[in-house]
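Residue-level listing of the chains:
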Amino acid sequence: MEHEGVTKVKDLLKSTDYGSEVKVKGWVRTKRGNKNIAFIALNDGSIIHNIQIVVDVPNFNEDTLALITTGASLSVSGTLVESMGKGQTVEIHAKDIEVYGTADSETYPLQKKGHSLEFLREIAHLRPRTNTFGAVLRVRHAMSFAIHKYFNDNGYYYMHTPIITASDAEGAGEMFRVTTLDDKNPPLDENGNVDYTKDFFGKETNMTVSGQLEAELGATALSQVYTFGPTFRAENSNTPRHLAEFWMVEPEMAFYDIEDDMNTAEDFIKYLVQYALDNCSDDLEFLNKMYDTKLLNRLKSIIDTDFKRLTYTEAIEILEKSTKKFEFPVKWGIDLQSEHERFLVENHFKRPVILIDYPKDIKAFYMKQNDDGKTVRAMDVLFPQIGEIIGGSQREENYEKLISRIRELNIPEKDVWWYLETRKFGTVPHSGFGLGFERLILFVTGMSNIRDVIPFPRSPKNAEF
RNA sequence: UCCUCCAUAGCUCAGUUGGUUAGAGCAUCUGACUGUUAAUCAGAGGGUCCUAGGUUCAAGUCCUAGUGGGGGAGCCA
């Protein structure tokens, strides 16, 4: 739908309708020229490229043109013409220019020149106006859309799981507390502890660390569901791969075993990468040129490569036999460290790896126990550069086995009674996995810091904007 | 949270064994140029050297602490 006769830059650049009258609105990237002619590069975010506005200076008010500086917002009406200059095929010969808002060139922080990503993080309110963040945000949108499309096309239902939760059973990390109690003078019980029965929900509540347990409830009715929402971890993690607030995709499939789970994960991620290549080529080419010249090759190779599948035990054997010296010694039962995962993916197999059948002691309570009594049907998809991009498992559907594991781990049964009931009433084998959305975006964009693939990152000591 | 590196103009950085008035490129401003492509050329303005202490005749430079940031690790997605 066209808005007020305005054409997007994206469509103007494709157009060959020379001589037609057009209107475009956007933000000035650069202006250059002399007293006779001026060139304005205008961008509206619809595409990484700018449309060039050609201004015959004598035809315009001098004071108006003086307001057109980098960052100013304009409405331009004019004629679409074949460009006389090199560097673009079409441009707009301006007839009328309206300045919506100026951007004082003395104080506007974005220059024509490139800026460091660290600096741009400090001006996250303005960084969407840069080429890099425009590209990242468009790719991020495309990936969000593709996720919904993939699941919708494959018979999944999008399920909204709660953001506020009273269950601490997931054990996926430290949680942010949610409360309306007076922080200076909270009600106390007879033992002097904070009395959460007086709190808003009548019990202690937190921000969710995962929608999985609730997604399982949906899967035992709708067969295939997925969640896609914000997730919160109060871990003091200061790394380029962690956020305190991030988005997670969690499909959950009834009647799927671990093999189906792996097949789905691999198909899903290849679909998303293919979607990016098909729909974000301009942005990916820019990122490939500016940040990571191997990006496009890496994305293409992922699609054509079968992920290497092996068990945790086999992986341990490979690591033990390798001549590489690891900082953390390898032994069956340990949780694999980044150096181990990187070795497997980047040195040994040189392709994505799916590891299954992990020791049960290093995995969550809900994972299906294998007959060996030692391992569970967990699955981790390990990617080059970013490590674990997907973690999933077949779930334990046997009530007796599940509750005995819950008791072993001292998880309060009163917190998970509802979860247990799905195993009591019409239980089915089922599986699922979680994909860290920002880690996917890291992989697809080739960016190296997770704070640069989310518009307004939340991390320890940073909740600005 | 641990290890490590860093903090100097709007941005990116240089600044020697501690020693006059702290520099460059880009950006900005002024001027020149009739088709530019991060335009080019000439000139000008622009600094609480992160903060607080300390050592010293003298600190951007050395020491201590703090704050913020990068990289690595842990926790994890």
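If you're wondering where the values come from, they're calculated on a predicted model, not measured in any experiment.

**Notes on the sheet that holds strand E5 (residues 90–101)**
Whenever strands of a sheet pair, they do so through backbone hydrogen bonds, lying parallel or antiparallel.
Phase 1 of the analysis: Read around the barrel, five strands follow the order E1-E2-E3-E5-E4 and close on themselves; strand pairing throughout is mixed. Neighbour to neighbour, the strand axes of the sheet diverge by 55° on average, direction disregarded.
Phase 2 of the analysis: Summarising the sheet, strand E1 (residues 21–33) and strand E2 (residues 37–43) pair through six bridges and their orientation is antiparallel. Paired with glycine 33 across the strands is alanine 38, a residue of E2.

**A word on the side chain of lysine 270**
Phase 1 of the analysis: Within the fold, lysine 270 resides in helix H6 (residues 258–279).
Phase 2 of the analysis: Polar side-chain contacts of lysine 270 include one of 2.8 Å to the side chain of glutamate 266.

**Remarks on the nonpolar core**
Phase 1 of the analysis: Counting residues in hydrophobic clusters, the biggest one holds 66 residues, and the most contacted among them are Met143, Ile147, Leu284 and Leu440.
Phase 2 of the analysis: Excluding residues within four positions of it along the chain, isoleucine 147 makes contact with Tyr226, Phe228, Val249, Phe268, Leu272, Phe437 and Leu440.
Phase 3 of the analysis: Membership of the second largest hydrophobic core comes to 30 residues, among which are Ala315, Leu382, Leu402 and Ile411.

**Regarding the sheet that holds strand E10 (residues 224–232)**
Phase 1 of the analysis: Read from one edge to the other, the open sheet built from eight strands follows the order E6-E10-E11-E16-E15-E14-E13-E12, with strand pairing classed as mixed. In this open sheet, the two edge strands, each paired with only one partner strand, are strand E6 (157–158) and strand E12 (308–311).
Phase 2 of the analysis: Here strand E14 (residues 375–383) runs beside strand E15 (residues 387–394); their pairing, made up of six bridges, is antiparallel. Along E15, the bridge assignment pairs leucine 382 with glutamate 388.
Phase 3 of the analysis: Packed on one face of the sheet, H6 meets strand E11 (245–254), E12, strand E13 (353–359), E14, E15 and strand E16 (430–436) and runs near 30° to E16.
Phase 4 of the analysis: Where helix H13 (residues 437–445) meets the sheet, its contacts fall on E10, E11, E14, E15 and E16, and the angle it forms with E16 comes to roughly 60°.

**Details of the protein's contact with RNA strand B**
Phase 1 of the analysis: Within the structure, RNA strand B sits among 50 residues, and Arg32, Gln52, Thr239, His242 and Arg439 are positioned closest to it.
Phase 2 of the analysis: In this structure, serine 105 approaches RNA strand B through a side-chain N or O atom, which is 2.7 Å from a phosphate oxygen.
Phase 3 of the analysis: Per-class residue counts for the surface near RNA strand B are eleven nonpolar, 22 polar and 17 charged.

**Some details on the domain arrangement of chain A**
Phase 1 of the analysis: By domain assignment, chain A separates into domain 1 (9–101) and domain 2 (127–174 + 209–452).
Phase 2 of the analysis: When each unit is reduced to the centre of its C-alpha atoms, the spacing between domain 1 and domain 2 is 45 Å.
Phase 3 of the analysis: Contact with domain 1, which involves eight residues of that partner, is made by eight residues of domain 2.
Phase 4 of the analysis: Buried surface at the junction of domain 1 and domain 2, both sides included, amounts to about 620 Å², of which 43% is carbon and sulfur.
Phase 5 of the analysis: At the boundary of domain 1 with domain 2, the tally comes to zero salt bridges.

**Quick notes on the packing of aromatic side chains**
Phase 1 of the analysis: Under the counting rule described, the total for this entry stands at 22 aromatic pairs.
Phase 2 of the analysis: Ring centres of phenylalanine 145 and tyrosine 275 lie 6.4 Å apart, and the angle between their planes is 45°; on these two criteria the pair is classed as tilted. Note that phenylalanine 145 is positioned in helix H4 (residues 131–153) and tyrosine 275 in helix H6, a separation of 130 residues in sequence.
Phase 3 of the analysis: When its relative accessible area of 45% is taken as the criterion, phenylalanine 145 is described as partly exposed.
Phase 4 of the analysis: What links up through ring pairs into an aromatic cluster is the set Phe145, Tyr150, Phe151, Tyr156, Tyr158, Tyr226, Phe268, Tyr271, Tyr275 and Phe433.
Phase 5 of the analysis: For the cation-ring pair, lysine 363 lies above tyrosine 358, with the distance from its terminal atom to the ring centre recorded as 4.2 Å.

**Re the pattern of salt bridges**
Phase 1 of the analysis: This structure, assessed with the given rule, holds 24 salt bridges.
Phase 2 of the analysis: Close ionic contact of aspartate 11 with lysine 14 constitutes a salt bridge, the shortest N to O distance being 3.7 Å. Of this pair, aspartate 11 and lysine 14 both sit in helix H1 (residues 9–14), separated by three residues, roughly a single helical turn.
Phase 3 of the analysis: A single network of salt bridges, built from pairs that share partners, joins Glu259, Glu266, Lys270, Asp306 and Arg309.

Calculation notes
Residues numbered from 1 in each chain as written. Chains lettered and ligands numbered in written order. Predicted model: local features only at pLDDT ≥ 70, side-chain atom pairs only at ≥ 80, totals over all residues. Heavy atoms only, no water. Pairing = 2+ DSSP bridges. Helix = DSSP H or I, 4+ residues; strand = E, 2+ residues; numbered from the N terminus. Axes fitted to C-alpha atoms, helices over the stretch in contact; angles between N-to-C directions. Polar contact = N/O pair within 3.5 Å; in protein donor to acceptor, adjacent residues only side chain to side chain. Core = buried A, V, L, I, M, F, W, Y, C linked by side-chain atoms within 4.5 Å. Buried < 20%, exposed > 50% of the residue type's maximum accessible area, 1.4 Å probe, protein only. Contact = heavy atoms within 4.5 Å. Near = heavy atom within 4 Å. Nonpolar A, V, L, I, M, F, W, Y, C, P; charged D, E, K, R; others polar. Domains from an automatic or database assignment. Buried area = accessible area lost by both parts, 1.4 Å probe. Salt bridge = Lys/Arg side-chain N within 4 Å of Asp/Glu carboxyl O. Phe/Tyr/Trp six-rings, centres within 6.5 Å; stacked < 30°, edge-to-face > 60°. Lys NZ or Arg CZ within 6 Å of the ring centre and 35° of its normal.

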